[in-house]
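# Geometric and topological summary
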Amino acid sequence: MRRISVFGATGSIGGNTLDLIGRDPGAYRVVALTGGRNVARLAELARLHRAEIAVTANEDCLDDLRDRLSGSGIEAAAGQGALVDAARRPADWIMSAIVGAAGLAPGMAALEQGTTLALANKESLVCAGPLLLATARRHGATILPVDSEHSAVFQALIGEDVGAVERVIITASGGAFRDWPLERLARATPEQAACHPNWSMGQRITIDSASMFNKALELIETHEFFGIAPEKIEPLIHPESMIHAMVGFVDGALMAHVGPPDMRHAIGFALNWPHRQALPVERLDFAALGQFTFAAPDEIRYPALRLAREVMQAGGLAGAVFNGAKERALDAFIAGRIGFTDMAVVVEGVLTKMSADRLMNDTIALDTVAAADHLARRRTDEIIVARH
Ligand code: NDP
């Protein structure tokens with residue numbers, strides 16, 4: 001039986017992962033499941049999948065979790081340290097699906113045990129890509145990308161020479177406001193931004209899809225994970241979300257990965273890798289689909305894409321600053337403190353303000369990434385206060 005753990009089990013990716021695992025319960029033993037505030041769901045999942053331990057990130061939720069697990073024999077724990085301890089429990093396959101930079105430390109701990117890490121938590125690659133990859137190499141661990149675009153690139157590169165890659169096209173639906181007039185964007189509400197036209201995902205990534213901060217993170221993720229130069233990575237609007245990515249080679253060949261917008265494909269690919277097994281995803285009927293459409297992204301509408309290029313060019317801790325500022329600006333948008341279009345303005349302000357900071361010359365390590373993240377969030381708050 002394969003031992004598996006799911007970090008971020010109560011979320012959208014976590015739920016899809018457990019859906020696949022639950023279809024073949026005899027094949028897996030669930031070690032750790034983790035969540036945040038949704039303790040009822042965490043306890044329910046832990047009982048259903050007979051986990052060894054359930055961990056909530058929030059210490060004030062521990063009593064509730066213990067109550068809900070009482071009599072089950074399942075251990076309960078809480079806090080950041082407990083998440084890292086859970087990631088150290090021996091497991092053959094670990095899903096990293098916590099949202100945000102909070103996923104980095106458990107992901108690192110998982111890699112240190114030399115396991116296979118299915119990485120949905122793109123923020124950890126954006127904040128600390130070189131550190132994650134070096135840690136995986138040092139401990140003989142494997143990282144498999146779970147973002148649909150990066151799973152697509154990974155699959156297109158099997159058996160290929162990365163040196164022969166001419167370009168990587170990362171597709172984007174364009175999010176909730178793709179067809180809105182530009183002047184309406186400033187008044188967009190969090191509820192409107194949290195309605196994705198094609199994908200069913202967590203609230204934060206859905207809003208990030210509307211602003212294209214999600215795509216910005218993915219461009220950086222492509223650069224960090226596959227080592228592709230920034231100028232070879234092209235975002236492309238593809239409203240149908242059927243082609244997840246395309247890889248172009250020096251001989252002009254273009255390999256596209258096509259499938260329905262269902263994360264269980266990318267998750268299942270990572271779960272079964274290096275083999276392919278049947279997955280419960282829709283099979284496409286191209287004749288019924290009729291056509292796919294494409295458009296170049298408009299960088300006035302989506303300034304996050306330009307910022308992503310600047311972050312890739314800067315390298316070092318710029319990714320951690322970008323992500324920290326983005327997360328904080330998103331918090332402020334969700335709380336109604338800033339408008340939709342303010343997010344990019346604020347993040348750009350933080351990047352500019354911190355570009356000359358001595359901290360930016362530090363090497364990438366867990367403590368320097370945490371310091372850059374912390375300072376970026378503080379600067380974001382300062383800029384938001386100054387704007388009002
Ligand atoms: P959700 O918001 O649905 O779930 C997030 C998970 O993280 C929940 O289990 C949540 O717990 C937990 N969590 C939240 N804050 C913390 C914290 N500070 N510490 C520890 N755990 C925390 O997100 P998604 O499943 O949509 O996304 C998860 C990751 O996967 C993100 O990095 C996202 O970018 C990436 N991803 C998601 C895709 C999707 O289709 N959803 C596609 C590709 C990538 P609780 O809810 O209990 O508070």
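Preceding this paragraph is the structure being described.
Figured I'd write up the structure that's included with this text. Nothing here was measured: the structure is a model prediction, and the numbers come from that model. (Residues numbered from 1 in each chain as written. Predicted model: local features only at pLDDT ≥ 70, side-chain atom pairs only at ≥ 80, totals over all residues. Heavy atoms only, no water.)

### So, the environment of Ser-211
- Relative to the elements of secondary structure, Ser-211 occurs in helix α9 (residues 203–211).
- By relative accessible area, Ser-211 is classed as buried at 9%.
- Ignoring anything within four residues of it in the chain, the contact list for Ser-211 reads Tyr-302, Ala-304, Phe-340 and Met-343.
- Among the polar contacts listed, one links the side chain of Ser-211 to the backbone nitrogen of Phe-213, at a separation of 3.2 Å. (Helix = DSSP H or I, 4+ residues; strand = E, 2+ residues; numbered from the N terminus. Buried < 20%, exposed > 50% of the residue type's maximum accessible area, 1.4 Å probe, protein only. Contact = heavy atoms within 4.5 Å. Polar contact = N/O pair within 3.5 Å; in protein donor to acceptor, adjacent residues only side chain to side chain.)

### Describing the packing of aromatic side chains
- Within the structure shown, the criterion is met by eight aromatic pairs.
- A centroid spacing of 4.8 Å and a plane angle of 85° characterise the contact between Phe-225 and Phe-226, whose relative ring orientation is edge-to-face. Phe-226 matches Phe-225 in its accessibility class, with the two residues each being buried.
- One aromatic cluster is present, built from ring pairs that chain together Phe-177, Trp-180, Phe-333 and Phe-340.
- The ring of Trp-180 has Arg-184 sitting right over it, with the charged end atom 3.7 Å from the ring centre. (Phe/Tyr/Trp six-rings, centres within 6.5 Å; stacked < 30°, edge-to-face > 60°. Lys NZ or Arg CZ within 6 Å of the ring centre and 35° of its normal.)

### Some remarks on the packing of helix α5 (residues 104–112) against helix α6 (residues 122–139)
- Their axes nearest at 9 Å, the elements α5 and α6 cross at an angle of 15°. In terms of orientation, α5 and α6 fall into the roughly parallel class. As for how α5 packs across α6, the hand of that crossing is right-handed. Across the interface between the two elements, Leu-104, Met-108, Leu-111 and Glu-112 from α5 touch Ser-124, Ala-128, Leu-131, Leu-132, Thr-135, Ala-136 and His-139 from α6.
- For the contact of α5 with α6, the per-class residue count stands at seven nonpolar, three polar and one charged. (Axes fitted to C-alpha atoms, helices over the stretch in contact; angles between N-to-C directions. Parallel < 35°, antiparallel > 145°, perpendicular 65-115°, else oblique. Left-handed = near helix turned anticlockwise from the far one by under 90°. Nonpolar A, V, L, I, M, F, W, Y, C, P; charged D, E, K, R; others polar.)

### So, helix α14 (residues 318–334)
- In a regular helix each residue adds 1.5 Å, so 17 residues correspond to 24 Å; α14 covers 24 Å between its end C-alpha atoms and thus fits that length.
- Counting buried positions over the 17 residues of α14 gives 14, a clear majority of the element. (Expected span 1.5 Å × (residues − 1).)

### Here's the deal with a negative patch on the surface
- Residues Glu-160, Asp-161, Glu-166 and Asp-251 make up a contiguous surface patch of negative charge.
- Tracing the backbone shows Glu-160 in the loop between α7 (148–156) and β8 (165–172). (Patch = residues over 30% accessible without salt bridge, like charges linked within 9 Å, V, L, I, M, F, W, Y side chains within 5 Å. Areas by Shrake-Rupley, 256 points an atom, 1.4 Å probe, with all protein chains shown as cover. Salt bridge = Lys/Arg side-chain N within 4 Å of Asp/Glu carboxyl O. Lys, Arg positive; Asp, Glu negative; His and termini not counted. Charge placed at Lys NZ, Arg CZ, Asp CG, Glu CD.)

### Re the nonpolar core
- Leu-33, Met-95, Phe-322, Phe-340 and Met-343 are the most contacted members of the largest nonpolar core, which has 133 residues in total.
- It is α14 that contributes the most residues to this core, nine residues altogether.
- Ignoring any residue separated from it by four or fewer positions in sequence, one finds Met-95 in contact with Ser-5, Val-6, Phe-7, Ile-13, Thr-17, Ala-118, Ala-120, Val-146 and Ile-267. (Core = buried A, V, L, I, M, F, W, Y, C linked by side-chain atoms within 4.5 Å.)

### A word on the side chain of Ser-5
- Structurally, Ser-5 can be placed in strand β1 (residues 2–7).
- A residue is classified by how much of its surface remains accessible, and Ser-5, at 0% relative accessible area, is buried.
- Once residues lying within four places of it in the same chain are set aside, the contact partners of Ser-5 are Val-31, Ala-32, Ala-91, Trp-93, Ile-94 and Met-95.

### Let's talk about the pattern of salt bridges
- Applying the stated criterion to the full structure yields 29 salt bridges.
- Here Glu-218 makes a salt bridge to Lys-122, at a shortest N to O gap of 3.0 Å. On the criterion of sequence distance, the pair formed by Glu-218 in helix α10 (residues 213–226) and Lys-122 in helix α6 is long-range, its members being 96 residues apart.
- When the shortest N-O distance is used, the salt bridge between Glu-218 and Lys-215 registers 2.6 Å. Highlighted residues: Glu-218 and Lys-215, both in helix α10, separated by three residues, approximately one helical turn. As far as burial versus exposure is concerned, Glu-218 and Lys-215 are alike and both buried.

### Here's the deal with the environment of Leu-125
- Inspection of the secondary structure puts Leu-125 in helix α6.
- Residue classification places Leu-125 among the buried residues on the basis of a relative accessible area of 2%.
- When the C-alpha atoms of Leu-125 and Ala-320 are compared, they prove to be 9.2 Å apart, with 195 residues separating the residues in sequence.
- Ignoring any residue separated from it by four or fewer positions in sequence, one finds Leu-125 in contact with Leu-119, Leu-132, Glu-221, Glu-224 and Phe-225.

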